[in-house]
Amino acid sequence: MHRTPVAQTLPDFPWDSLADAKSLAQSHPDGIVDLSVGTPVDPVAPVIQSALSSVASVPGYPTTHGTIEFREAAAKSMERRYGIAGIDPAAVLPAIGTKEMIAWLPRLLAVQAGDTVVIPELAYPTYEVGALLAGASVLRADSTVAIGPQRVSMIFLNSPSNPTGRVLGVDHLRKVVDWARERGIIVVSDECYLGLGWDTQPVSVLDPAVCGGNLDGLLAVHSLSKTSNLASYRAGFVVGDPELVGDLLAVRKHAGMMVPLPIQAAATAAMANDEHEAEQKERYRRRRTILLEAVRSAGFTVDYSEAGLYLWATRDEPCRDTVQWLAERGILAAPGEFYGPTGNKHVRIALTASDERINTAAHRISA
Ligand SMILES: Cc1ncc(COP(=O)(O)O)c(C=O)c1O
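Source: prediction; values computed, not measured.

1. Quick word on the overall build of the protein
What the protein contains, in helices and strands, is 12 helices and 13 strands. Relative to the compact-globule value of 21 Å for 367 residues, the protein shows a C-alpha radius of gyration of 20 Å, a close match. Looking at the protein as a whole, 49% of its 367 residues are labelled buried. Residue pairs at least 24 apart in sequence account for 75% of intrachain contacts in the protein once pairs closer than 6 positions are excluded.

This is the structure:
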């Protein structure tokens, strides 16, 4: 039987190409500072841990739609944190991590071969993976003007952006939403860094100023990995157009991917508690200030980076040279080309390391 492994239809997993830079950085006498991935390092808040263990003895299957407590906490957190009132908890669907959700969303929403999925010019790699798993083509474009005659069925937005930290303003978001609606195109807005605005206040695609209070064709994807340090738990949700959420729910009732009950309980506690989230944000703010000053003092230019967990920095040279320069100082960063061809002169430097490691990196960079 001839079989083409699915992985062969996907791009190379880019992180494998960082092995040499990583071993060089690891050889630093005072150890590596790994700023190449956005993985949280600060502990999970006690209030979340105890919610997790509070249901550790429950044996039954969780429902696909999740507990009402989870969905209500999600809807209320959207109102408290981002000013989006009136979300119906029925239009919230829990997800085992948003990477998983994004990778399967095009397939679950019937995107198919012959369709085009539009993703940002510089993008988190899983949007492309999701489109390819559905058999669709990918077009990188940051404005609707750059989109040609293709049959577009879905468009991914990501503000604040990974990797650039760029924030799309209300006008930009509204234009995309209007354009997509006129054509019946689904807009998926990945908002996992929405709570991490530094120089500007990011806005959700569900904000009335963007969508006029009409959620038709819109989905917002929210992760608890970054703002609540829950990457290891795998927790997030999708919210928006009740019909699209209903479609996702109907498929997942068959296909599974239910969120484990203890994780739902933990996520519910996380969404109900703004204190730990604000504390975590302040940690990142401090780390960002230190790193930003260091890279600027070493002659880097930092573009965008007004929100989110990364500095998008350049020395106006090929990104692999900058990765090497940093690795020689025991620091690992991600080359911008991982995120799209136009990133080939930038590196992405994550703010997700302990205070001690961030201080160490800053010293090494400015020395
Ligand atoms: C833009 C973006 N979306 C989604 C994710 C996935 O987050 P998770 O799967 O942990 O919810 C990440 C993680 O780095 C990300 O940067």
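What follows picks up the thread again.
2. Topic: the nonpolar core
I155, V187, V205, V238, A266, L332 and I349 are the most contacted members of the largest nonpolar core, which totals 117 residues. The element contributing the most residues to this core is helix α9 (residues 261–272), with eight residues. Excluding residues within four positions of it along the chain, V238 makes contact with L93, A95, M101, L219, V221, V245 and L248.

3. Observations regarding the UniProt feature "domain: Aminotransferase class I/classII large" (unreviewed entry) in the protein
The residues that UniProt annotates with the feature "domain: Aminotransferase class I/classII large" (unreviewed entry) are residues 32–365. Within residues 32–365, the helical portion is 39% and the strand portion 16%, while the C-alpha atoms at the span's ends are 13 Å from each other.

4. Digging into the site of the ligand
In the vicinity of the ligand lie 13 residues, with G97, T98, K99, S223 and S225 positioned nearest. Grouping the constituent residues of the shell around the ligand by class yields three nonpolar, eight polar and two charged.

5. Quick look at the pairing of strand β6 (residues 186–190)
In regular strands, side chains alternate between the two faces of the sheet. With five of its five residues buried, β6 lies for the most part within the structure. Judged by which residues are buried, β6 turns out to be covered on both faces: I186, V188 and D190 on one side and V187 and S189 on the other are all buried. Sheet topology places strand β5 (residues 152–158) next to β6; five bridges connect them, and they run parallel. Considered in β6, the bridge of N158 is made with D190. Taken together, β5, helix α6 (residues 170–183) and β6 form a β-α-β motif whose crossover is right-handed. Looking at chain direction, β6 and strand β7 (residues 218–223) are connected through four bridges and run parallel. Paired with V188 across the bridge in β7 is L219.

6. Considering the environment of K76
Structurally, K76 can be placed in helix α3 (residues 68–82). Residues K76 and Y127 lie 51 residues apart in sequence; the distance between their C-alpha atoms is 28 Å.

7. A short note on the sheet that holds strand β10 (residues 310–314)
Read from one edge to the other, the open sheet built from four strands follows the order β9-β10-β13-β12, with strand pairing classed as antiparallel. Pairing within the sheet leaves two strands with one partner each, and these edge strands are β9 (301–303) and β12 (334–335). Bridge count between β12 and strand β13 (residues 347–350): two bridges; the pairing is antiparallel. Note on β13: the bridge partner recorded for A334 is R348. This element, helix α10 (residues 275–297), spans β9, β10 and β13 of the sheet and lies at about 5° to β10.

8. Let's talk about unusual backbone geometry
P160 follows S159 through a cis peptide bond whose omega is -5°. Note that the residue after N162, namely P163, is joined by a cis bond; omega there is 20°. Along the chain, P163 turns up in the loop between β5 and α6. A positive phi is found at N229, a non-glycine position, where the angle reads about 55°.

9. Focus: α3
An α-helix turns once per 3.6 residues; consequently, residues spaced three or four apart project the same way. When the terminal C-alpha atoms of α3 are compared, their 21 Å separation across 15 residues agrees well with the 21 Å that a helix rising 1.5 Å per residue should span. Considered for burial, the residues of α3 that qualify are F70, R71, A73, A74, A75, S77 and M78. Where α3 is buried, its residues meet β2 (92–95), β8 (236–240) and α9. In the segment just after α3, G83 is the residue with positive phi, at about 75°.

Conventions and cut-offs
- Residues numbered from 1 in each chain as written.
- Predicted model: local features only at pLDDT ≥ 70, side-chain atom pairs only at ≥ 80, totals over all residues.
- Helix = DSSP H or I, 4+ residues; strand = E, 2+ residues; numbered from the N terminus.
- Rg over C-alpha atoms; globule rule 2.2 N^0.38 Å.
- Buried ≥ 20, exposed ≤ 12 C-beta atoms within 10 Å, placed from the backbone.
- Contact = placed C-beta atoms within 7 Å.
- Core = buried A, V, L, I, M, F, W, Y, C linked by C-beta atoms within 7 Å.
- UniProt positions renumbered as here; feature names shortened; annotations may be inferred.
- Near = placed C-beta within 6 Å.
- Nonpolar A, V, L, I, M, F, W, Y, C, P; charged D, E, K, R; others polar.
- Pairing = 2+ DSSP bridges.
- Right-handed = clockwise from strand over helix to strand, strands pointing away.
- Axes fitted to C-alpha atoms, helices over the stretch in contact; angles between N-to-C directions.
- Expected span 1.5 Å × (residues − 1).

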